[in-house]
Amino acid sequence: MSKVMDGYLYTEEHEWLLVEGNSATIGITDFAQSSLGDIVFVELPEEGEELEAGNSFGVVESIKSVSDLYTPISGKVLEKNSTVEETPENLNEDPYGGWLVKIELADKDQLNSLMDAQAYTEFCESL
Amino acid sequence: MSNLKKTSLHQKHLELKAKMVDFGGWEMPIQYKNLKEEVVAVRENAGVFDVSHMGEFYITGKDALNFINYAVTNDIKAANNGKAVYSPLCDSNGKIIDDLIVYKISEQEIFVCVNAANIEKDFQALESIKAKFDCELKNLSSDYSLLALQGPKSFELLKSIIDEVQDIEYYSIQLLETIKDQKSFIARTGYTGEDGFEIFGSHEFIANLWGKLIAAGVEPCGLGSRDVLRLEVCFPLYGNELNQDITPLDAGLKWTVKMNKEDFVGKSALESYAAKYQLVKLSLDKGIPRAGYEVENEKGESIGIITSGTQSVVLKKGIALARVDKNLYQDSEKLNINIRGKLYPAEINKKPFVTGGHK
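A brief look at the structure comes next. The residue numbers shown here count from 1 along each chain, following its written sequence. Naming scheme: in the order in which they are written, chains are lettered from A and ligands are numbered from 1. Under the rules for a predicted model, residues below a pLDDT of 70 receive no local features and side-chain atom pairs below 80 are neither given nor counted, while totals for whole chains, interfaces and linings still include all residues.

## Notes on the overall build of chain B
Strands are runs of DSSP state E lasting at least two residues, helices are runs of H or I lasting at least four, and both sets are numbered from the N terminus onward. Helix and strand counts for chain B stand at nine helices and 19 strands. The globule rule is 2.2 Å times the number of residues to the power 0.38, and the radius of gyration it is compared with is taken over C-alpha atoms. For a compact globule of 359 residues, the expected C-alpha radius of gyration is about 21 Å, and chain B comes in at 20 Å, within 12% of that figure. For the C-alpha atoms alone, the extent of chain B along its principal axes is close to 65 × 50 × 40 Å. In chain B, which comprises 359 residues, the proportion classed as buried is 47%. Note on contacts: residues are paired as contacts if their backbone-placed C-beta atoms lie within 7 Å. In chain B, the proportion of contacts linking residues at least 24 apart, taken out of those at least 6 apart, comes to 67%. The exposure scheme places C-beta atoms from the backbone and then counts, for each residue, the other C-beta atoms within 10 Å of its own, assigning buried at 20 or more, exposed at 12 or fewer, and partly exposed in between.

Take a look at the structure:
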């Protein structure tokens, strides 16, 4: 059973979002890190880049696979987690601590389509 | 995955909670608990792979040796009885139908192990040239299961389970006399660069052996770690480095084409062939190369593609084999790999990334 955090929002691509004021932090869930296996490479966008909802903003690679990261929300990248680029294996250890990017929310309505912890737990169980 | 073929160990893989995937029509374990641990187990200790999906052909009769020596590019006559020989199987144009291992039990009795995806194609190719030889060719693929026990502890482990096992040389075979249900043999071969054995036998014998190896603490390993292990030591994979559009001379396999031996399929084509491609070993400090990525020279021209790439478990960096245009490559000073539109400088390696410990 993979770990799901209360108070976070979730996508069907197994990313989590933590919303604080006008910004959101994005990471990958415990379910995601567990299905990827050993994470060995992370590529993130630069600060200041404008992301568009539904588009890929980076990749997470395990030894055998490449997975795109998708943002469910539009907005400017305020900060990226350079530490996770240097030590990607930390995502396996602590997927909720190893955030990827902070985004300035361009349209708060985009959050409405995301799942809460309970809905995401049910979603994972249905897979 | 219900319409996929299953090996005799399928249920055991499920019990070990392996992640199963469709691998060329077979439902096979890609990994058990952890791919990295599987790689490390093989490099330092021992791991066992179910490779029963691979094909076995059996050639017997007066002309068995003449037949196989005509079919493949390497020289089986030059090998002693009891030896295993790696060889491409080519068509009349010298293009690679498959790569395989010939096990020469005697001049009248020869086993061949072929890639699972190529069983039918290989069998047809062999059938089509058999008429002038006095021998029998059988496809025994559905009668045999196959394990690969790999790693420095392989010999002592196998010996502790099958007492008659001898400390045979690398690329040698030993028939198992105490296994009576079906002709069974071991070969000191493998696809990891480490010391180890491949064990051919009946489904029942192999299932039994698998159980004993797992009980002895041998790490069950999937096709994922197998691919990393073979790529670390730069062994080619059919479908990636090798295919029927190229010849062995385009893929670093010149050493397996014996132009001095008597006539063989593809000989005349290969005699007049100048290689177009070259296989190169590339590593990256940052970024992970993957099959299909373009390799560029310093002018930004594409000179070829990555055929296999991964993160090396041993080196902890990206490693790859790439098929490049031979002439463009020889004129290149620096190579870059295009990863999602960004260029990453590649280091050209002359030797395999990892030196296995095989004997």
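We are not done yet, so read on.
## Considerations on the overall build of chain A
Scanning chain A from N- to C-terminus turns up four helices and nine strands. For 127 residues, the compact-globule estimate of 2.2 N^0.38 gives 14 Å, and the C-alpha radius of gyration of chain A, at 13 Å, lies within 12% of that figure. Principal-axis analysis of the C-alpha atoms places the extent of chain A at approximately 35 × 30 × 20 Å. Within chain A, the fraction of its 127 residues that count as buried is 39%. Here the contacts in chain A between residues at least 6 apart in sequence split such that 62% fall between residues at least 24 apart.

## Things to note about the sheet that holds strand 4 (residues 39–43) of chain A
Residue and element names in this part refer to chain A. Pairing between strands is defined by DSSP: at least two bridges between the two strands are required. If you walk across this open sheet you meet the three strands as 4-6-7, and the pairing is antiparallel. Edge strands, defined here as strands with exactly one partner in the open sheet, are strand 4 and strand 7 (66–70). Each strand of the sheet is rotated relative to its neighbour by a mean of 25°, with strand direction disregarded. In this structure, strand 4 lies alongside strand 6 (residues 56–62), joined through four bridges in antiparallel fashion. Helix axes are fitted to C-alpha atoms over the stretch in contact, other axes to C-alpha atoms as well, and angles between N-to-C directions run from 0 to 180 degrees.

## A few points about the interface of chain A and chain B
Frequently, the measure chosen for interface size is the accessible area that the parts lose on association. At the junction of the two partners, chain A supplies eight residues and chain B supplies 10 residues. Each residue receives one of three labels: charged for Asp, Glu, Lys and Arg, nonpolar for Ala, Val, Leu, Ile, Met, Phe, Trp, Tyr, Cys and Pro, and polar for the others, Gly being one of them. Here the side of chain A that touches chain B is built from residues that sort into four nonpolar, one polar and three charged.

## Considerations on the pairing of strand 1 (residues 19–23) of chain B
All names here are of chain B. Of the strand pairs in this sheet, strand 1 and strand 2 (residues 26–31) are connected by five bridges, and their pairing is antiparallel. Residue Phe23 lies in a different strand from strand 2, and its bridge partner there is Trp26. Counting the residues between successive antiparallel strands, the hairpin from strand 1 to strand 2 contains two residues, one of them, Gly24, with a positive phi of roughly 55°.

## What to know about the sheet that holds strand 15 (residues 294–297) of chain B
Residues and elements named next belong to chain B. Taken together, six strands build a closed barrel; the order of strands is 14-17-16-15-18-19 and the barrel is antiparallel. With strand direction ignored, the average angle separating the axes of adjacent strands in the sheet is 45°. Summarising the sheet, strand 16 (residues 302–311) and strand 17 (residues 318–325) pair through seven bridges and their orientation is antiparallel. Paired with Thr310 across the two strands is Ile319, which belongs to strand 17.

## A word on the packing of helix 2 (residues 35–44) of chain B against helix 7 (residues 223–232) of chain B
Residues and elements named next belong to chain B. Direction vectors running N to C along helix 2 and helix 7 enclose 55°, while the axes themselves pass 9 Å from each other. Considering their axes alone, helix 2 and helix 7 lie oblique with respect to each other. Crossing handedness for the pair helix 2 and helix 7: right-handed. Across the interface between the two elements, Leu35, Glu38, Val39 and Val42 of helix 2 pack against Gly224, Ser225, Val228 and Leu229 of helix 7. Each angle gets one of four labels, with under 35 degrees taken as roughly parallel, over 145 as roughly antiparallel, 65 to 115 as roughly perpendicular, and the rest as oblique. Less than a right angle of anticlockwise turn of the near helix away from the far helix marks a crossing as left-handed, whereas a clockwise turn marks it as right-handed.

## Comments concerning the environment of B:Lys286
Mapped onto the secondary structure, B:Lys286 falls in the loop between strand 14 (277–284) and strand 15. In this structure the C-alpha to C-alpha distance between B:Lys286 and B:Tyr344, which are 58 residues apart in sequence, comes to 7.4 Å.

## Some remarks on unusual backbone geometry
With a phi close to 65°, A:His14 is a non-glycine residue in the positive phi region. Its place among the elements puts A:His14 in the loop between strand 1 (9–10) and strand 2 (15–20). Even without being a glycine, B:Lys17 presents a positive backbone phi close to 60°. Structurally, the position occupied by B:Lys17 is in the loop between helix 1 (10–15) and strand 1.

## Description of the pairing of strand 3 (residues 23–28) of chain A
Residues and elements named next belong to chain A. Summarising the sheet, strand 2 and strand 3 pair through six bridges and their orientation is antiparallel. By the bridge assignment, Val19 is partnered in strand 3 with Ala24. Counted along the chain from strand 2 to the antiparallel partner strand 3, the turn is two residues long, and its residue Gly21 has a positive phi close to 60°. Across four bridges, the pairing between strand 3 and strand 9 (residues 101–104) is antiparallel. If you follow Ser23 over to strand 9, its bridge partner there is Glu104.

## Quick word on helix 2 of chain B
Among the 10 residues of helix 2 of chain B, seven are classified as buried, and the element is accordingly described as predominantly covered. Looking at the buried residues of helix 2 of chain B, the elements they touch are strand 2, strand 3 (47–50), strand 9 (145–150), strand 13 (219–221) and helix 7 of chain B.

## Considering the environment of A:Gly54
Within the element layout of this structure, A:Gly54 appears in the loop between strand 5 (50–51) and strand 6. In the structure, A:Gly54 is positioned 20 residues away from A:Ser74 in sequence and 8.3 Å away in space, judged by C-alpha atoms.

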